[in-house]
Amino acid sequence: MSQMPYRALGATLLFLAATAAHAQYVWIGPGGTRQYSDRPPPPGTPASKIVKAPGRANPELASAPPAVMPADGSATDQAAKPLPSKGPPTLAEQEAAYRARTKARDESNLKAQEEAQRVRQLAERCNAARETQAQLASGTRIARYGQDGQKSYMTDAERATRAAQVNQALQDCR
């Protein structure tokens, strides 16, 4: 029974040695895919493409420049941005992201509604112009009522002018 602690100690040492020997390299390959290996990346792989190497600090955190506030105390856009956090986002960050998504969605919906309304109005104007063009092209007399309630008919010159106006308006419909 005295050999039991020695066996447990030996198994633990073997386990620790095995995990240390199983070093993992991660880099971005030439096709943009993430490569995993227990061997170093091929020579010529830039250091910026190596994501993880044994015994090396996290390159994203090591290469990030520290935020510097100007001497006068005013905050700049760069200083106002938070540093990338390693852990999950805080509730305040989640709330800010939610508000940004909501605002973007609302703006997108408003833009879509305005565009749909513009298209509907254009379609209505085009239909009215086509109806007017058909009336002018039919050759029938077109009557109008003046301010005094008197009925008057459109002359050929007025018909030609109105036809030119309708044709110009129909250019936007095509």
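Overview of the structure. All values reported here derive from a predicted model rather than from experimental measurement.

Moving on: the state of the cysteines. Evaluated as defined, the whole model comprises one disulfide. Between Cys-126 and Cys-173 runs a disulfide, and the two sulfur atoms are separated by 1.8 Å. Note on the Cys-126 and Cys-173 pair: the S-S dihedral is about -100°, so by sign convention the disulfide is left-handed. In this pair, Cys-126 is assigned in helix H4 (residues 91-138) and Cys-173 in the segment after helix H5 (156-171), connecting sequence segments 47 residues apart. Residue classification places Cys-126 among the buried residues on the basis of a relative accessible area of 5%.

Structurally, the position occupied by Arg-159 is in helix H5. This buried residue, Arg-159, is left without a salt bridge; Asp-156 holds the nearest opposite charge, at 4.6 Å. Among the polar contacts made by the side chain of Arg-159, one reaches the main-chain carbonyl oxygen of Thr-140 at a distance of 2.4 Å. Excluding anything up to four places from it in sequence, Arg-159 contacts Gln-135, Leu-136, Gly-139, Thr-140, Arg-141, Ile-142 and Met-154.

What follows covers the environment of Val-51. The residue Val-51 is located in strand S3 (residues 50-52) in this model. Each C-alpha atom, one on Val-51 and one on Tyr-36, is 9.9 Å from the other, the two residues being 15 residues apart in sequence.

Turning to the packing of H4 against H5, a few remarks are in order. H5 packs onto H4 with a crossing angle of 150° between their chain directions and a minimal axis gap of 9 Å. In this structure, H4 meets H5 at a crossing whose hand is left-handed. Residues Cys-126, Ala-129, Arg-130, Thr-132, Gln-133, Gln-135 and Leu-136 of H4 form the contact with H5, whose own contacting residues are Arg-159, Arg-162, Ala-163, Val-166, Asn-167 and Leu-170. The class makeup of the residues in the contact of H4 with H5 is six nonpolar, four polar and three charged.

Now for H5. In a regular helix each residue adds 1.5 Å, so 16 residues correspond to 22 Å; H5 covers 23 Å between its end C-alpha atoms and thus fits that length. Buried within H5 are the following residues: Arg-159, Val-166 and Leu-170. Take H5 and look down its axis: the buried residues cluster within an arc of 40°, on one side only. Exposed residues on H5 whose side chains face more than 90 degrees from its buried face are Ala-157 and Gln-168. On its buried side, H5 packs onto H4.

Cut-off values and rules
Here the residue numbering is sequential within each chain, running from 1 through the sequence in written order. In keeping with the model being predicted, local features are shown solely for residues with a pLDDT of at least 70 and side-chain atom pairs are shown and tallied solely at 80 or more, while totals for entire chains, interfaces and linings include all residues. As a convention, hydrogens and water are excluded, and side-chain values are obtained from all of the structure's heavy atoms. Criterion for a disulfide: a pair of cysteine sulfur atoms within 2.5 Å. A run of H or I in DSSP becomes a helix once it reaches four residues, and a run of E becomes a strand once it reaches two; helices and strands are each numbered from the N terminus. Throughout, exposure labels follow a simple rule: accessible area from a 1.4 Å probe, protein chains only, divided by the maximum for the residue type, with under 20% read as buried, over 50% as exposed, and the rest as partly exposed. The charge count treats Lys and Arg as positive and Asp and Glu as negative. His and the chain ends do not count. When a carboxyl oxygen of Asp or Glu is within 4 Å of a side-chain nitrogen of Lys or Arg, the pair counts as a salt bridge. By the criterion applied in these results, polar contacts are pairs of N or O atoms within 3.5 Å in which, for protein atoms, one can donate a hydrogen and the other can accept it, and in which residues neighboring in sequence qualify only through two side-chain atoms. For this analysis, residues touch if any pair of their heavy atoms sits within 4.5 Å. Axis definition: a line fitted to C-alpha atoms, over the contacting stretch in the case of helices. Angles run 0 to 180 degrees between N-to-C directions. Working rule for handedness: look at the near helix, and if it is turned counterclockwise from the far one by less than a right angle, call the crossing left-handed; if clockwise, right-handed. Amino acids outside the nonpolar list (Ala, Val, Leu, Ile, Met, Phe, Trp, Tyr, Cys, Pro) and the charged list (Asp, Glu, Lys, Arg) are all regarded as polar, and Gly is one of them. One less than the residue count of a helix, multiplied by 1.5 Å, gives the span that helix is expected to have. Note that the arc is defined by the directions from the helix axis to the C-beta atoms.

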